[in-house]
Number of protein chains: 2
Amino acid sequence: MSILGIDLGGTKLAVAVFGENGAVMYREVIALGNREGETVGELIKEQVKRYLTSEGRALAAIGICVPGIYRSKTGTVWAPNIPGWDDYPLLEEIQKVAGDVPVWIDSDRACYILGELWKGNARGCRDAVYMAVGTGIGAGILINGTVLRGADDIAGAIGWMALNKPFKTKYIPCGCFEYYASGKGMARLAGEIMEALPGYNGTLSQIGAKELTAHHIFSAYEQHDEVAIMVIKESIVFWGMAIANLISIFNPEKIILGGGIFGPAARFIPEIREEAKKWAQPVSVTKVILEQSEMGGDAAVFGAAYLALSNIKTPRSYEIQ
Amino acid sequence: MSILGIDLGGTKLAVAVFGENGAVMYREVIALGNREGETVGELIKEQVKRYLTSEGRALAAIGICVPGIYRSKTGTVWAPNIPGWDDYPLLEEIQKVAGDVPVWIDSDRACYILGELWKGNARGCRDAVYMAVGTGIGAGILINGTVLRGADDIAGAIGWMALNKPFKTKYIPCGCFEYYASGKGMARLAGEIMEALPGYNGTLSQIGAKELTAHHIFSAYEQHDEVAIMVIKESIVFWGMAIANLISIFNPEKIILGGGIFGPAARFIPEIREEAKKWAQPVSVTKVILEQSEMGGDAAVFGAAYLALSNIKTPRSYEIQ
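Along each chain, residue indices are assigned from 1 in the same order as the chain's sequence is written. Chains carry letters from A onward and ligands carry numbers from 1 onward, assigned in written order. Totals for whole chains, interfaces and linings use all residues, but because this is a predicted model, local features are given only for residues with pLDDT of at least 70 and pairs of side-chain atoms are given and counted only at 80 or more. Hydrogens are left out, water is left out, and the side-chain values use all remaining heavy atoms of the structure.

Colleague: Can you tell me about the sheet that holds strand β13 (residues 289–292) of chain B, naming the residues and giving the values?
Modeller: Hydrogen bonds between backbone groups are what pair the strands of a sheet, and the pairing can be parallel or antiparallel. Residue and element names in this part refer to chain B. Spatial ordering of the open sheet is given by β11-β10-β9-β12-β13, a layout of five strands whose pairing is mixed. Across the chains shown, the open sheet's two edge strands, defined by having one partner strand only, are β11 (146–147) and β13. Note on contacts: a residue pair is in contact if any heavy atoms of the two residues lie within 4.5 Å. Lines fitted to C-alpha atoms define the axes here, with helix axes fitted over just the stretch in contact, and angles between the N-to-C directions of these axes take values from 0 to 180 degrees. In this description a helix means any DSSP run of H or I spanning at least four residues, a strand means any run of E spanning at least two, and both kinds are numbered starting from the N terminus. Along the sheet, helix α7 (residues 226–250) contacts β9 (128–133), β10 (137–143), β12 (254–258) and β13; its crossing angle with β9, the most-contacted strand, is approximately 155°. Here a strand pair is declared whenever DSSP counts at least two bridges between the two strands.

Pasting the structure below:
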């Protein structure tokens, strides 16, 4: 039995054929280029057609990870970074070419935690959270072995977590937590701090406000740059508070930190844990394991495959409504 | 078929016999008086023995709600307001007298949402939250029809939610959200505000700091007392932020507000909704229904009975591990 896992990102499509035990039989990455709308759908359909028979073995199922929201009731996708995908009928389109092979779709955050559950740090867990911090922030949440979906498939939108009263209008586009502690937020905060420090002429002042990214901040931190130190100190507080809230609410076995920022921010996990410890339910916080994802960018494509595999094997272990 | 529901509170025991359809066949409330430890267990056992045969019909199951944490792996209870119940073997004790009748136990917050699911505002819901605000704060959380337990049965400890950075040591005993916005927190905040307003001689200044309760604040609010107005305004912000976080994380159909404070705070639900709307994931917040519990103090005893009923009917619909 082989499974096709497809991870659609904002700029590329990762495709992999897996054996039932998780062995990668084939994989490739295709740049989306300037494809948008229908043509992104066509690209995925081409891949499905191409792999329907893989090394002489028929596919048992297809799993697809999408960068946004999968509306399980309609089979449609909202993906903010793919123009024209406001409510794209992905399930229907893929079923046109997949024939009898079952197709399962879910959001990137759901696939991250499923990938970790299958082959990463969440193996053997019933209750675990994957906190993805990149350009934005979101969470894949496993509860008693099942991914949390919510009534409209939008659960896990933790970038909107309220952590810093009073409300400021600048939080409107992305939410309070994401405003401060996403990759974009860290760069923005560095800009704000530099404006308030007119005498500052450190590394970060050499980079234009528009070019500045979180990765510049991590590099500047290595050189003891004062702005970078302030930004990272502030981010640790926000990450710690958000993680504390996940701990108090879910009492999980593990919280796995991933996305582009964890990455370089993983070295601060001890400090983040200290901050979380101040705020969280005191028993739950001593029990939880906090660690970096070891799957990196692979969690999503593994998760897509496991989404399909677990549904065909035991439909109840990972329910799609 | 009849079901025995038992709701153990900090000061009293509510006992009710239910028909399968939820009809209350008999109910009574017994004050705990100065019972503690073993003698509280004995009282519950007496009730179980007494109702094992009820109106000639044998009990089909027994459900018990406890004011604290039910440790499902050991069958023991931690109940902070019952001296001696740090790890009380309630399941084992009740099974001694219950014979073949199955016994199910869960925390008050789990029972609140189960009571609402059976006979209250959560009827027909798959994803709903009961936020209990009384002396303390906690939540019963229903996910895809199942109550969220967490790895150590401590999920839903939302009183620990981090909402107001930076951390202050005064949050240590109870958590940030509970510090400000529980009944106890409201009284404490009123005291803090009065200290900072030496000229204040309104209604609340007549009440000693130790006697002051949230109910005095709600009464004083009716008389446009300035301190009461400030406390309630602040509480609305905290309730709104916490509810926003529950909405962004869970994307629930409903959030039901209960406990002693909702109650009188229910008239502020429109203002709380406005505050939540500022912070929460914008799609989820437009979909969620926010309303007061209509079951009042009955949610727990109904929930205890439904805990038992749903387990004997379809063990999978409400899992106990």
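Colleague: Please provide a residue-by-residue account of the confidence of the model for chain A, values included.
Modeller: Predicted coordinates in areas of low pLDDT are best not read in detail. Residues and elements named next belong to chain A. Residues at a pLDDT of 70 or more form 97% of chain A, whose mean pLDDT is 94. The predictor rates its confidence in each residue with pLDDT, a number between 0 and 100. In this model, residues 316–321 is a region of pLDDT below 50 whose contacts with residues beyond four sequence positions or in other chains number 22 contacts. Across the assembled chains, the prediction reports ipTM 0.95 with pTM 0.95.

Colleague: Go over the state of the cysteines with me, naming the residues and quoting the values.
Modeller: Simply put, disulfide is the name for a covalent bond between the sulfur atoms of two cysteines. Disulfides are defined as cysteine sulfur pairs within 2.5 Å. If you walk through the whole model with that rule in mind, you get zero disulfides over all chains. The structure places no disulfide on A:C176, whose sulfur is separated from the nearest cysteine sulfur, that of A:C174, by 8.8 Å. Summary of cysteine pairing: B:C125 is not part of a disulfide, and the nearest cysteine sulfur, belonging to B:C111, is at 18 Å. Three labels apply to residues, based on accessible area from a 1.4 Å probe with only protein chains included: buried if under 20% of the type maximum, exposed if over 50%, partly exposed otherwise in between. By relative accessible area, B:C125 is classed as buried at 8%.

Colleague: Describe the pattern of salt bridges, and please don't skip the residues or the numbers.
Modeller: Side chains that differ in charge, positive against negative, can pair when their charged atoms come close. Counted as salt bridges are all cases of a side-chain nitrogen of Lys or Arg within 4 Å of a carboxyl oxygen of Asp or Glu. Tallying each qualifying case throughout the model produces 30 salt bridges over all chains. A:K287 is the partner of B:D152 in a salt bridge, and the nearest nitrogen-oxygen pair spans 3.9 Å. Of this pair, B:D152 sits in the loop between β11 and α4 (176–181) while A:K287 is found in helix α9 (residues 282–287), placing the two residues in two different chains. Within this structure, A:E42, A:K45, A:E93 and A:K96 form a network of salt bridges that share partners.

Colleague: I'd like a rundown of the packing of helix α3 (residues 108–119) of chain A against helix α10 (residues 299–313) of chain A, residues and numbers included.
Modeller: Residues and elements named next belong to chain A. Where α3 contacts α10, the axes come no closer than 7 Å and their chain directions differ by 80°. It follows from the interaxial angle that α3 and α10 lie roughly perpendicular. For the pair α3 and α10, the contacting residues are C111, Y112, L114, G115, E116, L117, W118 and K119 in the first and A299, A300, F302, G303, A304, A305, Y306, L307 and L309 in the second. Among the residues making up the contact of α3 with α10, the classes are represented as 13 nonpolar, two polar and two charged. Note that the term roughly parallel is reserved for angles under 35 degrees, roughly antiparallel for angles over 145, roughly perpendicular for angles of 65 to 115, and oblique for everything else. In this classification, Asp, Glu, Lys and Arg are treated as charged, Ala, Val, Leu, Ile, Met, Phe, Trp, Tyr, Cys and Pro as nonpolar, and every other residue, Gly included, as polar.

Colleague: Give me the lowdown on unusual backbone geometry, citing residues and values where you can.
Modeller: Following A:K165, the chain continues into A:P166 via a peptide bond in cis, with omega recorded as 0°. Mapping A:P166 onto the fold places it in the loop between β11 (146–147) and α4 (176–181). Cis geometry is found at the peptide bond from B:F262 to B:G263, where omega equals -15°. By the secondary structure assignment, B:G263 is in the loop between β12 and α8 (269–279). Even without being a glycine, A:D153 presents a positive backbone phi close to 65°.

Colleague: Outline the interface of chain A and chain B, listing residues and values.
Modeller: The interface is formed by 46 residues belonging to chain A together with 46 residues belonging to chain B. Among the residues of chain A in contact with chain B, A:K165, A:I249 and A:W279 are the three that bury the most area, contributing 21% of the side total. Across the contact surface, chain A and chain B share four salt bridges. A 3.5 Å cut-off defines polar contacts: any pair of N or O atoms within that distance qualifies, except that in protein one atom must be a possible hydrogen donor and the other a possible acceptor, and neighbouring residues in sequence count only when both atoms are side-chain atoms. Inspection of the chain A/chain B interface yields 16 residue pairs in polar contact (both at pLDDT 80 or more). Residue contributions to the side of chain A that touches chain B peak at eight residues, all from helix α7 (residues 226–250) of chain A. Taken together, the residues of the side of chain A that touches chain B break down into 26 nonpolar, ten polar and ten charged. Here's the idea: put two parts together, see how much 1.4 Å probe accessible area each one loses, and the total over both is what we call buried area.

Colleague: Would you mind going over the side chain of B:D225 in detail, with residue names and values included?
Modeller: All names here are of chain B. Among the structural elements, D225 can be located in the loop between α6 (214–222) and α7. His is not counted here, nor are the chain ends, while Lys and Arg score as positive and Asp and Glu score as negative. Lacking a salt bridge, the buried D225 has R267 as its closest oppositely charged neighbour, with an N-O distance of 13 Å. Separated by 2.5 Å, the side chains of D225 and Y200 make a polar contact. Here V227 takes part through its backbone nitrogen, which lies 3.0 Å from a polar atom of the side chain of D225.

Colleague: Pulling in residues and values, what's your account of the packing of aromatic side chains?
Modeller: Residues and elements named next belong to chain A. Note on aromatic contacts: the rings of Phe and Tyr and the six-membered ring of Trp form a pair at centre separations within 6.5 Å, being stacked when their planes are under 30 degrees apart, edge-to-face when over 60 apart, and tilted otherwise. On inspection of all chains with the given rule, the structure shows 35 aromatic pairs over all chains. Arranged with centres 4.3 Å apart and planes meeting at 10°, the rings of W85 and Y88 form a pair that is stacked. Considered together, W85 and Y88 belong to a single accessibility category, that of buried residues. Measuring from centroid to centroid gives 6.5 Å for F218 and F268, while their planes differ by 25°, and the two rings are stacked.

Colleague: Talk me through the relation of the copies chain A and chain B; I want residue IDs and the actual numbers.
Modeller: When chain A is fitted to chain B, the residual RMSD is 0.0 Å, and the transformation amounts to a turn of 180° plus an axial shift of 0.0 Å. Taken together, the rotation angle and the small translation identify this as a two-fold axis. The rotation axis passes nearest to the C-alpha of A:L163 in chain A, at a distance of 2.2 Å. The residues that chain A uses at the interface reappear at the interface of chain B in 100% of cases, marking a shared surface. Here the copies are matched by least squares. The fit uses the C-alpha atoms of residues with pLDDT of at least 70 in both.

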